[in-house]
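In case you want the letters, here they are:
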There are 2 protein chains.
Amino acid sequence: MLHKFNDATPVEIDEAMQIAGEASQAYRKFSLKQRADFMKAIAHDLENADELLISTAMEETHLPAGRLQSEKARTVFQLNSYAEACEKGDWMQVSIDTEDQKRNPPKPGIRKMMIPIGPVVVFGSSNFPFAYSTAGGDTACAFAAGCAVVVKAHPAHSNTSQLVADLIMKAAEKCNMPKGIFTHLHGAGIETGKQLVLHPETKAVGFTGSFAGGKQLYDWGNQRKAPIPVFAEMGSVNPVFLLPGKLKTDHDEIAGMYAVSVTLGVGQFCTKPGLIIALESDELNKFIATLAQKIKEISPGPMLHPGITKAFNEKRQKALEQNGVKEVAESGIIAKGNEGLPTIATVSAQIFLENSLLHEEVFGPYSLIIQCKNNDELLAVAKALEGQLTATLMATVDDMNQHESLVDAIKEICGRLIYNGVPTGVEVCLSMQHGGPFPATTDSRFTSVGADGIKRFVRPLAFQNWPDELLPDELKDGNPLKIWRTINAEIRPPQL
Amino acid sequence: MLHKFNDATPVEIDEAMQIAGEASQAYRKFSLKQRADFMKAIAHDLENADELLISTAMEETHLPAGRLQSEKARTVFQLNSYAEACEKGDWMQVSIDTEDQKRNPPKPGIRKMMIPIGPVVVFGSSNFPFAYSTAGGDTACAFAAGCAVVVKAHPAHSNTSQLVADLIMKAAEKCNMPKGIFTHLHGAGIETGKQLVLHPETKAVGFTGSFAGGKQLYDWGNQRKAPIPVFAEMGSVNPVFLLPGKLKTDHDEIAGMYAVSVTLGVGQFCTKPGLIIALESDELNKFIATLAQKIKEISPGPMLHPGITKAFNEKRQKALEQNGVKEVAESGIIAKGNEGLPTIATVSAQIFLENSLLHEEVFGPYSLIIQCKNNDELLAVAKALEGQLTATLMATVDDMNQHESLVDAIKEICGRLIYNGVPTGVEVCLSMQHGGPFPATTDSRFTSVGADGIKRFVRPLAFQNWPDELLPDELKDGNPLKIWRTINAEIRPPQL
């Protein structure tokens, strides 16, 4: 039985931010181990949550049990691995310059570390009810950084969100966290989000969703009296470049990989390949024919919620209606009302370059193949694209060496560059970059996946001339926390 | 003979940004050693610049030769030390996660490094004609990061700026840098800056100056179709808290230190202590008396330019006219037309808390002593202050332990926290944090002094599944550049 929650009132929102401000001041003094233990407690409880959590998520998101279970497992892994990173402390980038009284003038002793930025507001995403929502990556990073969190549940899975929130609250109590360390609010309208971003106690925002939504939060963040960073991940078309040498030998294999990648999770991933770009050739025709055959065989699947199905149908239709766009194939199985129909279309590079509507993301199982007459058009397409989360090169080593300018241009538009693979599937590890130049995200300098995501919610503070006994443990001479530190510009292991 | 330069035309600005865009694409492929050699060549030529440079700067800024010579030496040191940091490569934060084919699903190999963000526009500052202007910290950091630079000269020292620019251009030619690696433009009006920030090729901005100027650039940067980071350092009042135990024994010594710090360089430092906060006491009265005596003995000095003298006189006058503000002392020597008059005033905490005008920076040799009736007022003042570059605690260890909430509150408002010292004098080293919460700067997460300033002009790029031969040297298996890297989340020295 799904419950309908009321929107948080302005008074509730203000209270949530006030106690988050107080909690942040207490929590920032908690040790790295205490923060990590709290995160691990949430992970443990999430891992052992009863059946109701998955069944509720299935009912709200229409995602299959298997996908939800693996997303939950990923969320548990995120919490545990960011907890480990938190305790290890590399993200604090501790740097110590020792004093030198003999220098003229004497050099003061200066020690720098990262400190928490303050209360973080997290907006749950529609397509990841666990990994990018209530106890997801933004929340985990903020807790590791030492910040209190206020989550606004995504209205499309508010019951799932509430169950996860209850579990976080229980873990907070068990770990003796300060009151206000975590608050969960509901709000279907724009006003809840606006009030949260504009509240003076809010010090940073995490968001995953549409361009319109993310850009609005970003603008509000910048228009405050004291602006704050808004980390919005706003989607991507994830261009895939098929280079001729690779296509020649592997066109069938690539078609198979991409039929799966385009339609995985009914195309509802921010890393879904939405553009496939190649030179006109017989092999490209063969690739298209195989891809078309495979797409016809893939069943439509239910989408996350009616709003997303409607948007997909409209954007798909509009894209297909554009002058010069030709539908190549769609699923041979008729889509029911809430389902997304796997679809592949094609267009010439010339027309693509002239029509910016074709550059936009169609969120769902749709991809557009761009056919280029020559290398100049290939390069022109790469240079015409906006910022992307990912770009992919399907290429032999020879292809890469023969298309140096193209590879250089592609590096400038993305955060992650895949070689002979698919962009779907975002590995949770320290080297992951999930973020890219605007409009993929509002800040290409940070990642929302991997423990480096903690760096979004901290800022440096330098201590000059402080006596050892007054310094935080992170900066003390004896290095009691045994963390890696840079001393006089040299990286030093914990034992030194 | 000072030359009067014409403002750059819109066509010249567009051309400068276009060639900067092209140069950035070439320069980003230059090795770390090539970048470092270029920076060292500039440093060498600046160090050996002929007499005309200092005499021109003296004529334009009215700063004394000694100060200008030491600022030039600091600029040379910045270029050399950031060049060393550039070559060492720690700032690239290389992280490698190796693939694991045995895992289910297989883990892809992912390697991440920082890449240059693209052309950087630098606005010269009025108060640092060398260290924060043409070949200053922003320019040095951008070159280290791999970015082309376009400098807009500060109109108050355009001849000095031109001489330094000529020297950079010569070094660029000597080092075979791409055309457009550095462009120097003049522009006294607001339009030059606006066009530079809004140009699509501009990818980041560095600025040191007034709040009005910096905030305007920041807003333009955010309002672009594709927003860009604007790093504006916009001033600070640098509060100094005198705690009772320390004041009891050292009031005379502190008064001596602060008479110098408030008036150093005619108070024209962004780290000048503009507020001194203490509990009412006999010792505070003694401190004030000694400080007053010393201020009376300090001569007024010529300020940077007539606009700054005018602003100082007006702001000083307005501050002194506020209800409850009492002038304590001013220099006993009459100020000439372009000179700034050393001045100390005092006010009660209660009035300070009610009058936000008193929280604003008075750029010049002026400081306000805030007298608090009790610890609650002391804490209230700390909490009422806006973001600061620095804060200072003059305190014994006992004082610190007895004022824990106060120390906690001060940590939240500043980027650098000095213990028993003065905020003037910004050490150039890796542990320095020169930046603080808004409105001290537009982005508290970065520093504009020290080699960590390079991080302002880069963003991460992850390579997934790339063959070793196609990876940049920074990421290759053999670690040919011999840099520190993190491998599978463990920091590893170059030889591993």
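Keep in mind the model is a prediction, meaning the values are calculated, not measured.

(A) The arrangement of the state of the cysteines in detail. All names here are of chain A. Under the criterion given, the structure shown has 0 disulfides over all chains. Summary of cysteine pairing: Cys270 is not part of a disulfide, and the nearest cysteine sulfur, belonging to Cys414, is at 14 Å. A residue is classified by how much of its surface remains accessible, and Cys270, at 10% relative accessible area, is buried.

(B) Looking closely at the pairing of strand S5 (residues 182–185) of chain B. All names here are of chain B. The alternating pattern of S5 places Phe182 and His184 on one face and Thr183 and Leu185 on the opposite face, and all of these are buried. In terms of strand pairing, strand S4 (residues 149–152) meets S5 through 4 bridges, oriented parallel. Note that in S5 the partner of Val150 across the bridge is Thr183. For the handedness criterion, the β-α-β arrangement of S4, helix H6 (residues 158–174) and S5 is classed as right-handed.

(C) Quick peek at the interface of chain A and chain B. Each partner contributes residues to the interface: chain A has 76 residues there, and chain B has 75 residues. The junction of chain A with chain B conceals about 6,400 Å² of combined surface from both sides, 52% of it contributed by carbon and sulfur atoms. By the criterion of area lost to chain B, the three top residues of chain A are Ser431, Arg445 and Arg459 of chain A, representing 11% of everything that side buries. Where chain A touches chain B, the interface holds 16 salt bridges. In this structure, Glu412 of chain B engages Arg28 of chain A in a salt bridge whose closest nitrogen and oxygen atoms are separated by 3.7 Å.

(D) Geometry of the environment of Ala26 of chain A. All names here are of chain A. Structurally, Ala26 can be placed in helix H1 (residues 10–27). For Ala26, a relative accessible area of 30% translates into the label partly exposed. Residues Ala26 and Lys170, spaced 144 residues apart in sequence, show a C-alpha to C-alpha distance of 19 Å.

(E) Representation of empty space enclosed by the protein within the structure. Using the criterion set out here, one finds 3 cavities of 30 Å³ or more in the structure. Considered class by class, the residues forming the lining of the largest cavity number 10 nonpolar, 6 polar and 9 charged.

(F) Spotlight on the environment of Thr202 of chain B. Structurally, Thr202 of chain B is set in the loop between helix H7 (190–198) and strand S6 (204–208). Along the chain, Thr202 of chain B and Glu99 of chain B lie 103 residues apart, while their C-alpha atoms are 37 Å from each other.

(G) Spotlight on the relation of the copies chain A and chain B. Of the transformation superimposing chain A on chain B, the axial component is 0.0 Å and the angular component is 180°, with the fit at an RMSD of 0.0 Å. Expressed as an axis order, the relation between the two copies is that of a two-fold axis. If distances are taken from each C-alpha of chain A to the rotation axis, the shortest is found for Asn222 of chain A, at 3.7 Å. A share of 99% of the interface residues of chain A reappears at the interface of chain B, consistent with the copies meeting face to face through the same patch.

(H) Layout of the sheet that holds strand S18 (residues 485–487) of chain B. In space, the 12 strands of this open sheet follow the order S11(A)-S13(A)-S14(A)-S9(A)-S8(A)-S15(A)-S16(A)-S17(B)-S2(B)-S1(B)-S18(B)-S19(B), with mixed pairing throughout. The sheet terminates laterally at strand S11 (326–330) of chain A together with strand S19 (490–492) of chain B, the two strands that pair on one side only. Direction aside, neighbouring strands of the sheet carry axes that sit 25° apart on average. Running at roughly 20° to strand S14 (residues 366–372) of chain A, helix H11 (residues 306–321) of chain A makes contact with S11, strand S13 (343–348) and S14 of chain A of the sheet.

(I) Examining the side chain of Ser331 of chain B more closely. Residue and element names in this part refer to chain B. Within the secondary structure, Ser331 sits in the loop between strand S11 (326–330) and strand S12 (339–340). From its side chain, Ser331 meets the backbone nitrogen of Ile333 in a polar contact 3.1 Å long. Contacts of Ser331, omitting those with residues within four sequence positions, involve Ile295, Lys296, Ile298, Ser299, Pro300, Leu341 and Pro342.

(J) Broad picture of the pattern of salt bridges. Per the counting criterion, the structure on display carries 52 salt bridges over all chains. Measuring nitrogen to oxygen at the nearest pair gives 3.7 Å for the salt bridge that ties Asp443 of chain A to Arg445 of chain B. Placement of the pair is Asp443 of chain A in the loop between strand S16 (414–419) and strand S17 (458–464) and Arg445 of chain B in the loop between strand S16 (414–419) and strand S17 (458–464), with the two residues belonging to separate chains. Between Lys455 of chain B and Asp452 of chain B there is a salt bridge, with the nearest N and O atoms lying 3.2 Å from each other. Owing to a relative accessible area of 16%, Lys455 of chain B belongs among the buried residues under this scheme. Assessed through its relative accessible area of 15%, Asp452 of chain B is described here as buried.

(K) Local environment of the packing of helix H13 (residues 375–384) of chain B against helix H15 (residues 404–411) of chain B. All names here are of chain B. Between H13 and H15, the least distance of the axes is 9 Å, while the angle of their chain directions is 10°. Compared by their axis directions, H13 and H15 come out roughly parallel. Here H13 contributes Leu378, Leu379, Ala382 and Lys383 to the contact with H15, which in turn contributes Ser405, Leu406, Ala409 and Ile410.

(L) Highlighting the confidence of the model for chain A. Confidence in the prediction for chain A averages 97 pLDDT; 100% of positions are at 70 or higher. The ipTM for the predicted assembly is 0.97, set against a pTM of 0.97.

(M) Representation of the packing of aromatic side chains within the structure. Per the counting criterion, the structure on display carries 26 aromatic pairs over all chains. Plain terms: the ring middles of Tyr419 of chain A and Trp466 of chain B are 6.1 Å apart, the flat faces sit at 50° to each other, and that makes the pair tilted. Of this pair, Tyr419 of chain A sits in strand S16 while Trp466 of chain B sits in the loop between S17 and S18, which puts the two residues in different chains. With respect to burial, Tyr419 of chain A and Trp466 of chain B carry one shared label: buried. Note on Phe446 of chain A and Phe446 of chain B: the rings are 6.5 Å apart at their centroids and 65° apart in plane angle, and the pair reads as edge-to-face. Placement of the pair is Phe446 of chain A in the loop between S16 and S17 and Phe446 of chain B in the loop between S16 and S17, with the two residues belonging to separate chains. For the cation-ring pair, Arg35 of chain B lies above Tyr27 of chain B, with the distance from its terminal atom to the ring centre recorded as 5.9 Å.

(N) A look at the packing of helix H3 (residues 51–61) of chain B against H6 of chain B. All names here are of chain B. At a minimum axis distance of 8 Å, the contact between H3 and H6 shows a crossing angle of 155°. Regarding the angle of H3 to H6, the classification is roughly antiparallel. Classified by chirality, the crossing of H6 by H3 is left-handed. Judged by residue contacts, Leu52, Leu53, Thr56, Ala57 and Glu60 of H3 engage Ser158, Asn159, Thr160, Leu163 and Val164 from H6. Broken down by class, the residue content of the contact of H3 with H6 amounts to 5 nonpolar, 4 polar and 1 charged.

(O) Representation of helix H4 (residues 65–88) of chain A within the structure. The end-to-end C-alpha distance of H4 of chain A, which contains 24 residues, comes to 34 Å, matching closely the 34 Å that a straight helix rising 1.5 Å per residue would cover. Once H4 of chain A ends, the next one or two residues include Gly89 of chain A, with phi positive near 85°.

Thresholds applied
- Position labels on residues start from 1 in each chain and follow its written sequence.
- Throughout, the order in which chains and ligands are written sets their labels, letters from A for the former and numbers from 1 for the latter.
- Given that this is a predicted model, residues contribute local features only at a pLDDT of at least 70 and side-chain atom pairs are listed and counted only at 80 or more, while totals for whole chains, interfaces and linings are drawn from all residues.
- Processing note: side-chain calculations cover all non-hydrogen atoms of the structure and skip hydrogens and water entirely.
- Criterion for a disulfide: a pair of cysteine sulfur atoms at a distance within 2.5 Å.
- Partly exposed residues are those whose accessible area sits between 20% and 50% of the maximum for their type, while under 20% is buried and over 50% is exposed, using a 1.4 Å probe and protein chains only.
- Secondary structure elements follow DSSP: runs of H or I of four or more residues count as helices, runs of E of two or more count as strands, with numbering from the N terminus.
- Strand pairing is assigned whenever DSSP detects at least two bridges linking the two strands.
- The handedness rule is simple: strands pointing away from the viewer, and a clockwise path from the first strand over the helix to the second, make the crossover right-handed.
- Should any heavy atoms of two residues lie within 4.5 Å, those residues are counted as being in contact.
- The term buried area denotes the loss of accessible surface (1.4 Å probe radius) that occurs when two parts are joined, taken as the sum for both partners.
- Any carboxyl oxygen of Asp or Glu within 4 Å of a side-chain nitrogen of Lys or Arg constitutes a salt bridge here.
- A cavity here means a set of 1 Å grid points, computed over protein atoms only, where a 1.4 Å probe fits but cannot escape. A pocket is an open set with protein on both sides within 12 Å along at least 5 of 7 lines, and lining residues have an atom within 4 Å of a point.
- Grid points are joined across faces, edges and corners, and a volume is the space filled by probe spheres set on the points.
- Side-chain classes follow a simple rule in which Ala, Val, Leu, Ile, Met, Phe, Trp, Tyr, Cys and Pro form the nonpolar group, Asp, Glu, Lys and Arg form the charged group, and the remainder, Gly included, forms the polar group.
- Least squares is the method used to superpose the copies, on C-alpha atoms of residues holding a pLDDT of at least 70 in both.
- Axis lines are fitted through C-alpha atoms, for helices just across the contact stretch, and the angle between N-to-C directions can take any value from 0 to 180 degrees.
- We define a polar contact as two N or O atoms separated by no more than 3.5 Å, with the added condition that, inside protein, one atom must be a possible hydrogen donor and the other a possible acceptor, whereas residues neighbouring each other in sequence contribute only through side-chain atom pairs.
- By definition in this entry, angles of less than 35 degrees are roughly parallel, angles greater than 145 are roughly antiparallel, angles of 65 to 115 are roughly perpendicular, and the rest are oblique.
- The pLDDT score gives, residue by residue, the confidence of the prediction method on a 0 to 100 scale.
- Stacked, tilted and edge-to-face are the three classes applied to pairs of Phe, Tyr and Trp rings, where Trp contributes its six-membered ring and a pair requires centres within 6.5 Å; stacked means planes under 30 degrees apart, edge-to-face means over 60, and tilted covers the rest.
- Think of it as a cone above the ring: NZ of Lys or CZ of Arg counts as a charge over the ring if it is within 6 Å of the ring centre and within 35 degrees of the ring normal.
- Crossing handedness: left-handed means the near helix sits turned counterclockwise from the far one by under a right angle, and right-handed means the same turn made clockwise.
- One less than the number of residues in a helix, times 1.5 Å, gives the span that helix is expected to have.

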